[in-house]
Amino acid sequence: MIDKIIFYDADFLICFLTIGETFILKKAFNEIIVPMQVFKELTRKKSPNIVKETIIDLRDSGFVKVPVIKSNSRVNIAYRAIKNGYWHEDFKWYF
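Below is a summary of the structure that appears in this document. Everything numeric here is computed off the predicted structure, so don't read it as measured data.

Section: the overall build of the protein chain
Part 1 of the argument: Looking only at helices and strands, the protein chain features five helices and two strands.
Part 2 of the argument: In sequence order, the protein chain lays out its α and β elements as α-α-β-α-α-β-α.
Part 3 of the argument: Per-residue burial over the protein chain gives 29% buried out of 95 residues.

As structure tokens, then:
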């Protein structure tokens, strides 16, 4: 089981949510951190009901954490670096 903080984007999660195979995620990870922006994308009106209902159930059960990340926080800086392809192992010292 992976015991690191890992951020997930919508595309990755939609694959598991759509086919109902979230047990694989639970087997592999202690918890999942989904940024609020991603959670909003997964639960918007146009999202399939299976996606909305499953991500909400996972959040309500405590498996999915949906933190509000402040724009000037170290977590947000790391998230943006990863998202934009700037992350490098040398940055670990900062976090």
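Alright, that's what it looks like, and here's the rest.
Some words on the environment of V51
Part 1 of the argument: Positionally, V51 belongs in helix α4 (residues 49-61).
Part 2 of the argument: Judged by its relative accessible area of 2%, V51 is buried.
Part 3 of the argument: Sequence separation between V51 and F16 is 35 residues; the distance between their C-alpha atoms is 8.9 Å.
Part 4 of the argument: Aside from chain neighbours lying at most four places away, what touches V51 is I14, L17, T18 and L42.

Some points on the nonpolar core
Part 1 of the argument: Grouped together as the largest cluster of nonpolar side chains are 18 residues, with contacts concentrated most on L13, L42 and V64.
Part 2 of the argument: Broken down by secondary-structure element, the contributors of at least two residues to this core are α1 (10-19), α3 (36-42) and α4.
Part 3 of the argument: When near neighbours in sequence (up to four residues on either side) are disregarded, V64 contacts I32, V34, I55, L58 and R59.

Brief notes about α1
Part 1 of the argument: Considered for burial, the residues of α1 that qualify are A10, L13, F16 and L17. Buried residues of α1, seen end-on, are gathered within an arc of 135° and therefore sit on one face of the element. Residues of α1 that are exposed and point over 90 degrees away from its buried face: D11 and I19.
Part 2 of the argument: Where α1 is buried, its residues contact α2 (22-28), β1 (32-33), α3 and α4.
Part 3 of the argument: Where α1 ends, the next residue or the one after it, G20, has phi of about 70°, a positive value.

Here we look at the packing of aromatic side chains
Each aromatic ring pair is described using two quantities: the centre-to-centre distance and the angle formed by the ring planes.
Part 1 of the argument: Tallied over the full model, the rule gives one aromatic pair.
Part 2 of the argument: Taking the centre distance of 5.2 Å and the plane angle of 55° together, the rings of F12 and F16 count as tilted. Of this pair, F12 and F16 both sit in helix α1, four residues apart, which is roughly one turn of that helix.
Part 3 of the argument: One cation-aromatic arrangement involves K26 over F63; the distance from NZ or CZ to the ring centre is 6.0 Å.

Quick notes on the rules
- Residues numbered from 1 in each chain as written.
- Predicted model: local features only at pLDDT ≥ 70, side-chain atom pairs only at ≥ 80, totals over all residues.
- Heavy atoms only, no water.
- Helix = DSSP H or I, 4+ residues; strand = E, 2+ residues; numbered from the N terminus.
- Buried < 20%, exposed > 50% of the residue type's maximum accessible area, 1.4 Å probe, protein only.
- Contact = heavy atoms within 4.5 Å.
- Core = buried A, V, L, I, M, F, W, Y, C linked by side-chain atoms within 4.5 Å.
- Arc of directions from axis to C-beta.
- Phe/Tyr/Trp six-rings, centres within 6.5 Å; stacked < 30°, edge-to-face > 60°.
- Lys NZ or Arg CZ within 6 Å of the ring centre and 35° of its normal.

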